[in-house]
Amino acid sequence: MDFSVITDHWRFLASGVLVTLALSALSGVTSIAAGFVVALARMYGPRWLRPIVILYIDSMRAIPVLVVLVWTFFALPIVGGITMAPFWAALVGLTVHLAAYSAEIFRAGIESVRPGQTRAALALGMSRAQILRRIVLPQAVVRMLPAFGSFLSVTIKDTAIASVIAVPEFMRQSETVQGQTFQPIEVYTFAMVVYFLLLFPVTRGVDLVYRRVAHLGRS
Amino acid sequence: MTTPQSTAPRAKGGNSKIIRYRGVIKRFGSFTALNGVDLDVHAGEVVCLIGPSGSGKSTLLRCTNGLETIDGGEIEFEGALLPKDERALRAMRARMGMVFQSFELFPHLTAQQNVAEGPRTVQKVSLAEANRRAVAMLAKVGLADKAANYPSALSGGQQQRVAIARALAMEPDVMLFDEPTSALDPETIGEVLNVMKALAEEGMTMVVVTHEMTFARRVGDWVAVFDTGRIIEQGPPTQIFDAPTTERTRDFLSHLGWSG
Amino acid sequence: MTLDWSVVWQHREALVAATGTTILLTIATMAIAVPCGLMVAALRLYAWAPVRTLATAYVELFRNLPLILVVFWAFYVLPIWTGLGLSPLATGLAALALNVTAYNAETFRAGLNSIRRGQVEAAMALGMSRTQALRRVIVPQALRRVLPVLASTWVSLFKDTSLVSVIAVTELAYVAMQVRAQTFRVLEMLTAMAAIYWLLGYPQAKLVDWIQRKYRVTE
């Protein structure tokens, strides 16, 4: 095996890693924020909104992220008239798909806080909004940490699928190098190492943090 | 449906009734948890609610501060009916302190922060004042040195005492205790009961749901015996424990191995 | 913008066959990944140290790699390593199986571990051997806990089959996009593709919900 193909193209590949990191970070942030709004809408919003939100969440459980990305990049311009560069189309598609997942994490986390906590806070005379903000959410956030660790991991893996719509992230750059140099073993083995080094610390790191703060979420 | 009222004179409080229950009814679906409860709680009294599990004692307590809404009858607190309006109800809850069987301390806050939370968030006192009260209340229950500990580092008895301090920090007019010692190890029950006894001696009005008969006998001023949603007998502890007038009360006490 | 939805109907045979391939892939992958996952989990928990480490390494590796990369890697590397000329379908199946086995191994491990120690002790106090205790007391309880997670993995797998489209396996995503390329009916074909996934996936997601409600663990 001749790994010089990697060193020869390291700048090209490194730019891919940067795009992967950027896309992961951005879509992570947007989908967590959007998911939070969706979760609140589902749990505390008006009655008529609930089935719409549930339909959205369950639809994202049924449709693959590849399909969402491809549709956002190729079909949305036809329907909506807006053409987006691959990176932004990927960001939109990933956000829409991942927000459903994060919304469920939020909902499960909030619902997992013991009802006795709400009762105790009510007994002190707190309002519902105060209880959510000061008592339920702080505990829920701790309890959701492991799930969000997985979520981050999934987000990074999903950015690799964006290669299908030609986003110049790391997977795509690797494919290009492989296509030009005909050395798939070296290129893809290197890619595996890079992705592993990206993903492994994420879940491990979240695990470590969680173990430290878990007692803050246990009531 | 009226429940028997003892004709024995009330030891404390004269005519000032802090809480009045009149014909209180509460249903959960087809199950009637409270079937017409009449009871008065006078200022400064310790009223103990005893009876078998599921007889409605805890339900009555939860109806008192509006955690459950009643389906019939009325509950008066300090001369006014329980409000329906959410904001007024909250204000009223702030004047009652409640202690739960499962403590329900907020795990993400230290003991001091737990006790300061109510005054700060609900009564909107300054942070300095809230902390001052918290420190004072923790000292009162004997846990001044645990102020910086999280609930996960405290024993059951300690957690419950912090819970009592948290309720007291609101400076309530009445304290409601829902089986405060039922989830505790026998060794730690004593420390909690001692705190409650000291409170009673200071003249706090208390409604206590409990299985601790010795406590009810020694500290209680008035005892109400519950059975299937009704009060079957009520009176001073001397009557209930030494000379019960109803068969069911006698049965209940003998089941507990109570020999006076 | 003129839409011509008849394209979908015209190519219905190809689409139906492709859907069949998708379903087949899902079933075949699970048929391999469930017993293999159980085996790997057992190795992780009960085998001697070197084997335990290997099993753990395998699980950690495949849980921290994007599936699309594994698909590419399998396509280019497996033929060279195994000397076999595998069809794209077989390659795709291999990649999926490697990936899902790792997830199932983790699921089974967590399930087996979650049974309280006291259960094993009680069984052995009755005189059962370790294997008997495992077979009659632990595994039946663990299966109950594991079933909802396996169901959820199934639904994810169903969506992930779309990723083998990148190596030209004739499943639903690939065929739909081929037809799009041939007929230039982008919006119609991509929407049809999403709709078919939705029609198949939505009921599966609801079934998973039902399973999770039914097998909810209360201690």
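Residues numbered from 1 in each chain as written. Chains lettered and ligands numbered in written order. Predicted model: local features only at pLDDT ≥ 70, side-chain atom pairs only at ≥ 80, totals over all residues. Heavy atoms only, no water.

Draft legend 1. Quick look at unusual backbone geometry. Residues and elements named next belong to chain B. A positive phi angle, close to 50°, is found at E78, a residue other than glycine. Tracing the chain through its elements places E78 in the loop between β4 (72-77) and β5 (80-81). Positive phi values are uncommon outside glycine, yet T228 reaches one of about 40°. Within the secondary structure, T228 is located in the loop between β9 (222-227) and β10 (230-235). (Helix = DSSP H or I, 4+ residues; strand = E, 2+ residues; numbered from the N terminus.)

Draft legend 2. Looking closely at helix α4 (residues 127-140) of chain B. Residues and elements named next belong to chain B. With 14 residues, α4 extends 20 Å from end C-alpha to end C-alpha; this agrees with the ideal 20 Å at 1.5 Å per step. Restricting attention to buried positions, one finds in α4 the residues A130, R133, A134, M137 and L138. Down the axis, α4 shows its buried residues gathered within 130° of arc, on one side only. Elements in contact with the buried residues of α4: α3 (111-121) and α5 (156-168). (Expected span 1.5 Å × (residues − 1). Buried < 20%, exposed > 50% of the residue type's maximum accessible area, 1.4 Å probe, protein only. Arc of directions from axis to C-beta. Contact = heavy atoms within 4.5 Å.)

Draft legend 3. Highlighting the side chain of K57 of chain B. Residue and element names in this part refer to chain B. Within the secondary structure, K57 sits in helix α1 (residues 57-64). Among the polar contacts listed, one links the side chain of K57 to the backbone oxygen of G51, at a separation of 2.9 Å. For K57, the contacting residues outside a window of four places in its chain are L49, I50, G51, P52, V209, H211 and F226. (Polar contact = N/O pair within 3.5 Å; in protein donor to acceptor, adjacent residues only side chain to side chain.)

Draft legend 4. Quick peek at the packing of aromatic side chains. Under the defined criterion, the tally for this structure stands at 16 aromatic pairs over all chains. Measuring from centroid to centroid gives 5.0 Å for F73 of chain A and F74 of chain A, while their planes differ by 70°, and the two rings are edge-to-face. Taking the relative accessible area as the measure of exposure, F73 of chain A reaches 21% and is therefore partly exposed. Overall, the relative accessible area of 31% leaves F74 of chain A in the partly exposed class. These aromatic residues form a ring-pair network of at least three members: F36, Y101, F106, F148 and F151 of chain A. Between the NZ or CZ atom of K26 of chain B and the centre of the ring of F28 of chain B, over which it lies, the distance is 5.0 Å. Over the aromatic face of F74 of chain A sits the side chain of R180 of chain C, whose NZ or CZ is 4.5 Å from the ring centroid. (Phe/Tyr/Trp six-rings, centres within 6.5 Å; stacked < 30°, edge-to-face > 60°. Lys NZ or Arg CZ within 6 Å of the ring centre and 35° of its normal.)

Draft legend 5. Broad picture of the interface of chain B and chain A. Contacts between the two partners involve 24 residues from chain B and, on the opposite side, 22 residues from chain A. For the chain B face of the interface with chain A, the top three residues by lost area are E104, P107 and H108 of chain B, together amounting to 28%. If you look at where chain B meets chain A, you find two salt bridges. Note that R134 of chain A and E117 of chain B form a salt bridge whose closest N and O atoms lie 2.4 Å from each other. (Buried area = accessible area lost by both parts, 1.4 Å probe. Salt bridge = Lys/Arg side-chain N within 4 Å of Asp/Glu carboxyl O.)

Draft legend 6. Structural context of the arrangement of the chains. Here the protein chains form two pairs of chains in contact, of which the pair with the most contacts is chains A and C. The two units chain B and chain C never meet; even their closest C-alpha atoms stay 17 Å apart.

Draft legend 7. The arrangement of the nonpolar core in detail. Ranked by size, the top nonpolar core spans 141 residues in total, and within it I19, L39, L49 and L60 of chain B together with M193 of chain C carry the most contacts. Ignoring any residue separated from it by four or fewer positions in sequence, one finds L39 of chain B in contact with I19, R20, Y21, R22, V47, L49, L60, W222, A224, I231 and Q234 of chain B. Membership of the second largest hydrophobic core comes to 49 residues, among which are M137, I164, M204 and A216 of chain B. (Core = buried A, V, L, I, M, F, W, Y, C linked by side-chain atoms within 4.5 Å.)

Draft legend 8. Highlighting the pairing of β4 of chain B. Residues and elements named next belong to chain B. Relative to β4, strand β1 (residues 17-28) is paired through five bridges, and the arrangement is antiparallel. Across the sheet, Y21 pairs through a bridge with I75, a residue of β4. Two strands pair when backbone bridges link them, and β4 and β5 are joined in this way by two bridges, in the antiparallel orientation. Looking at β5, one finds that E76 is bridged to L81. Hairpin connection from β4 to β5: two residues lie between these consecutive antiparallel strands, with E78 at a positive phi of about 50°. (Pairing = 2+ DSSP bridges.)

Draft legend 9. Representation of the sheet that holds β1 of chain B in the model. All names here are of chain B. Judged by pairing direction, the sheet is antiparallel, and its four strands sit side by side in the order β2-β1-β4-β5 without closing on themselves. Every other strand in the sheet has two partners, leaving β2 (31-42) and β5 as the edge strands with one partner each. In this structure, β1 lies alongside β2, joined through nine bridges in antiparallel fashion. Looking at the pairing, I25 lines up with N35 of β2.

Draft legend 10. A look at the interface of chain C and chain A. Counting residues at the interface gives 38 residues for chain C, matched by 38 residues for chain A. Summed over both partners, the interface of chain C with chain A comes to about 3,400 Å²; 75% of that surface belongs to carbon and sulfur atoms. Interface area lost by chain C to chain A is led by N64, L69 and K159 of chain C, which between them contribute 17%. For the pair chain C and chain A, the number of links is three salt bridges. Notably, a salt bridge pairs K206 of chain C with D58 of chain A, separated by 2.4 Å at the nearest N-O pair. Between the two partners, chain C and chain A, sit eleven residue pairs in polar contact (both at pLDDT 80 or more). Residue assignment for the side of chain C that touches chain A shows that the elements contributing at least two residues are α3 (49-63), α4 (67-82), α7 (130-160), α8 (172-183) and α9 (186-214) of chain C. The biggest single contributor to the side of chain C that touches chain A is α9 of chain C, with 14 residues.

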